[in-house]
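Breakdown of the fold
As a plain string of letters, each chain reads:
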Amino acid sequence: MPDLPPSLVSRRAVLTGTLATTALALTACTGGPQSQASSTGTASTSSDAVPRTLRLAVSAPPVKLDPAIVSDNESFRVTRQVYETLVDIDLDTGATVAGLAETWNESSDGLRYTFNLREGVHFHDGTELDAEAVVKNFERWESLSTSLSAQSAQGFFDVFHHYSNIPTLPKAKDLELSTKEKEDATPEELTAEQQRLQQLTDLQKQFTTDLFQGSSKGGTASYFQSVEATDKYVVTLNLRRRLPGLIEALTLPGMAIAAPSALTGGPEDNPAESLTTAPMGTGPFKFHSLEDDQVRLEIFSDYWDQDRLNNNKQYPEVALISSVPSPYNREGALLADEIDGFDMVSVDTMRTLVRNAKVVVQRDPFSVLYLGMDQKNKWLAKPKFRQAVAHAINRSTLADKLFIQGSKYAQTILPPALNIPNPDNTASHDVAKAKELLADVEYQGEEIEFAYPLRVSRNYLPLPERTFAQIAEDLAKVGIRIKPRPIAWTDGYVKTVQSNKFNGLHLLGFSGGYRSPDDFLSGILANKENEFGYKSALLDSQIMLARSIPVGEERTAAYATIMQTLDQDLPLLPLVFPISALAFNGNVTFYPPSPMLNECFADVQMTNSPSVTS
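Heads up: these notes are all about the structure in this document. Throughout this document, residue positions are counted from 1 along each chain, in the order its sequence is written. For this predicted model, a pLDDT threshold of at least 70 governs which residues receive local features, and a threshold of 80 or more governs which side-chain atom pairs are given and counted, while totals over whole chains, interfaces and linings are taken from all residues. No hydrogens and no water enter the side-chain calculation; it runs on all heavy atoms of the structure.

Put simply, DSSP H or I for four residues or longer makes a helix, DSSP E for two residues or longer makes a strand, and each gets a number counted from the N terminus. Mapping Thr-85 onto the fold places it in the loop between α2 (73–82) and β2 (87–89). What makes Thr-85 buried here is its relative accessible area of 10%. Residues within four places of Thr-85 in sequence aside, it is in contact with Gly-99, Leu-100, Leu-250, Thr-251, Leu-252, Met-255 and Ala-256. Note on classification: 1.4 Å probe, protein chains only; a residue is buried when its accessible area is under 20% of the maximum for its type, exposed when over 50%, partly exposed between these limits. In this analysis, two residues are considered to be in contact whenever any of their non-hydrogen atoms come within 4.5 Å of each other.

Take a look at the structure:
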């Protein structure tokens, strides 16, 4: 593959796009296979001077390129091109389809899964994929240290809850209001107490059974038992407890299979350390380089699924992914033809893009923005104060004003697509109620620190500074004083707000990786004690038991109860279910948007832009 001349696409060129003016109104334009024009271009040959190149601008650089120990979507964007998983997601329906495993079957008790691997699949280093390679990946995941596993999201530990322990159920007295609290309790608070006690009774019945089978190298509530190569291309996975969402969970980017040669040679605490900077998988693109916050990927000529490439003669042969934090600079670079497309379109830039005939491709909402409220703070520890915050914020206006049209305000952390009913009587915007609650707790206007990220756009938070300002304005209207704490995303924003050293308000969100409530609950609440100062054995027990319930009415009811518990405890306030979008020049004629962000560049259709081919 010939190299792309550096002068055509440079870090400097991408950053010199003109600043876009702020849009005052919102116009949406959705692109997709039906609305995007087909191209008559043909695939370039090896004799071409410049390969067909996709130049994509994103809001932040990848943190690291090992999907097993990372949690940010910009890292996953790259690793999804380089690695593949045992199970894949259908581009059109979102259903699970064959990936590196052609077929699989589940035992009648749900404790054993057998995967039949494809033959003839090779890693980028030339070695063959077989059952032993898959087993080595599982063994590596299982043996990761707690410090490394804590960096993971949407991977082995989130699927199997490997270091989790069976919660100790609270006693009834732990859930009852104190005598003084009962004297001042509202009818709603008394009803909530009775609901908690009934939930405890129901849980006690289920805890009388043996919840997990066999031993575990992890925690007592780890679902993972063992994995073995039962034939050259057959892998058998054994569980300690039924996990109905397992097949869907195996599509997560953190469950990607890496080349065995890359799993050794590093330091004792992470023998696969080379994967953090040099990923090695079986995917359609090979990693080439990461320099000046720009990732270069090149098509893998020996990719096993040649039909996929042959059926799309217009796939990019090279992908250049550049970090451009400002949404206005990303827009300017697109208008100047310095890039072919960018992610994280904001409401501010939408109108200009549509006016300039750019194609805007929207994703269905499958992420949530929330306001974290750390109960280590003196005031946030008070339930009535957290309720006052919930009543103070106008979530509907927030969604309408700062997010792409069609985004909805959130009543729970679970997107509507998961079909879990909202609790009754969730907090609505009510300034008078908020002021009343603040008076009840005798709040005198003490400052509360409020952290928000700088120089980044996330699919759940495209305009962090303006979102912070809008929420701060709502809080000020009811008398809550905040102390702004802006933190650059690349300076460790997430680490800061999820540590036990920060104890105020903060903005964060979560993007779902597969269609399961447990994905959101596990992802958001994995570090709840540090991030929210929140403990609840009742909630932990409810979540653990719900995982093993097959899809149906019982499962829906179980998750509805969990949402009720979260609504009563209120460790965080769900804000918005955002629609995110990408924008492209006309040389990109199709891009495969995915609510789960499972977007493979091998399915993109494009011709080279004039600035690249000239």
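Moving on from the model shown.
Next up on the list: the nonpolar core. Here, nonpolar core means buried Ala, Val, Leu, Ile, Met, Phe, Trp, Tyr and Cys residues that are tied together by side-chain atoms lying within 4.5 Å of each other. Counting 75 residues, the largest nonpolar core has Phe-385, Leu-475, Leu-507, Ile-524 and Leu-575 as its most contacted members. Not counting the four nearest positions on each side in its chain, Ile-524 is found in contact with Val-368, Tyr-370, Ile-413, Phe-510, Glu-531, Phe-532 and Leu-572. Counting 53 residues, the second largest nonpolar core, distinct from the first, contains Val-135, Leu-211, Val-235 and Ile-257.

Right, let's talk about the pairing of strand β6 (residues 224–231) for a bit. Both β6 and strand β7 (residues 234–239) contribute to a ladder of six bridges, which runs antiparallel. Residue pairing across strands places Val-227 opposite Leu-237, the latter belonging to β7. What makes two strands pair is DSSP finding at least two bridges between them. Linking two consecutive strands that pair antiparallel, namely β6 and β7, is a turn of two residues.

Now for the sheet that holds strand β19 (residues 581–584). Pairing in this open sheet of seven strands is mixed, and the strands run β8-β9-β10-β1-β11-β19-β12 from one edge to the other. Only two strands of the sheet have a single partner each, and these edge strands are β8 (285–291) and β12 (359–362). Taking the axes of each pair of neighbouring strands and ignoring which way they run, one obtains an average angle of 20° across the sheet. The strands touched by helix α11 (residues 327–335) within the sheet are β1 (53–58), β11 (341–343) and β19, with β11 carrying the most contacts at an inclination of about 165°. An axis is simply a line fitted to the C-alpha atoms; with a helix, the fit covers only the stretch in contact. Between two such axes, the angle follows the N-to-C directions and lies from 0 to 180 degrees.

Relative to the helices and strands, Tyr-534 is located in the loop between α19 (528–531) and α20 (537–546). Residue Tyr-534 is classed as buried on the basis of its relative accessible area of 3%. Sequence-wise, Tyr-534 and Asp-374 are 160 residues apart; in three dimensions their C-alpha atoms are separated by 7.6 Å. Identification of polar contacts relies on pairs of N or O atoms within 3.5 Å, with a donor-acceptor requirement for protein atoms, meaning one able to donate a hydrogen and the other able to accept it, and with residues adjacent in sequence counted only if both atoms are side-chain atoms. Among the polar contacts made by the side chain of Tyr-534, one reaches the side chain of Asp-569 at a distance of 2.6 Å.

By salt bridge we mean one thing: a side-chain nitrogen of Lys or Arg within 4 Å of a carboxyl oxygen of Asp or Glu. The tally for this structure, following the rule as stated, stands at 23 salt bridges. Measuring nitrogen to oxygen at the nearest pair gives 2.8 Å for the salt bridge that ties Asp-343 to Arg-363. One end of the pair, Asp-343, is in strand β11; the other, Arg-363, is in the loop between β12 and β13 (367–373), and 20 residues separate them in sequence. According to the relative accessible area criterion, Arg-363 is buried, its value standing at 3%. Close ionic contact of Arg-485 with Glu-449 constitutes a salt bridge, the shortest N to O distance being 3.8 Å. Of the two residues, Arg-485 is situated in strand β16 (residues 482–488) and Glu-449 in strand β15 (residues 448–454); the sequence distance between them amounts to 36 residues. Of the residues examined, Glu-449 reaches a relative accessible area of 24% and is grouped as partly exposed.

Once that is clear, we can look at the environment of Gly-513. Among the structural elements, Gly-513 can be located in the loop between β17 (505–511) and α18 (517–525). For the pair Gly-513 and His-122, spaced 391 residues apart in sequence, the C-alpha to C-alpha distance is 26 Å.

Aromatic ring pairs are defined here through the distance separating the ring centres and the angle between the ring planes. The rule is short: rings of Phe, Tyr and Trp, with Trp giving its six-membered ring, pair when the centres are within 6.5 Å, and they are stacked under 30 degrees, edge-to-face over 60, tilted in between. On inspection of all chains with the given rule, the structure shows 24 aromatic pairs. Seen from their ring centres, Trp-489 and Tyr-493 are 6.0 Å apart, and the 25° between their planes marks the pair as stacked. Side by side, Trp-489 and Tyr-493 carry an identical accessibility label, which is buried. Ring centres of Phe-510 and Phe-520 lie 5.3 Å apart, and the angle between their planes is 70°; this geometry places the pair in the edge-to-face category.

Below, the discussion takes up the sheet that holds strand β5 (residues 112–117). Within the open sheet, the four strands sit side by side as β4-β5-β7-β6. Their pairing is antiparallel. The open sheet terminates on both sides in strands that have one partner only, identified here as β4 (101–106) and β6. Across the sheet, the axes of successive neighbouring strands diverge by a mean angle of 20°, strand direction being ignored. As defined by bridge partners, β4 adjoins β5 across five bridges and the pair is classed as antiparallel. Bridged to Ala-101 within β5 is Leu-117. Together, β5, β6 and β7 form the strand contacts of helix α3 (residues 131–143), whose direction differs from that of β6 by roughly 165°.

Residues spaced three or four apart along an α-helix point in a common direction, a consequence of the helix completing one turn every 3.6 residues. Relative to the 24 Å expected for 17 residues at 1.5 Å per residue, helix α21 (residues 553–569) spans 25 Å between its end C-alpha atoms, a close match to the ideal helical length. Considered for burial, the residues of α21 that qualify are Arg-555, Tyr-559, Ala-560, Ile-562, Met-563, Thr-565, Leu-566 and Asp-569. Here the expected span of a helix is defined as 1.5 Å times the quantity of residues minus one.

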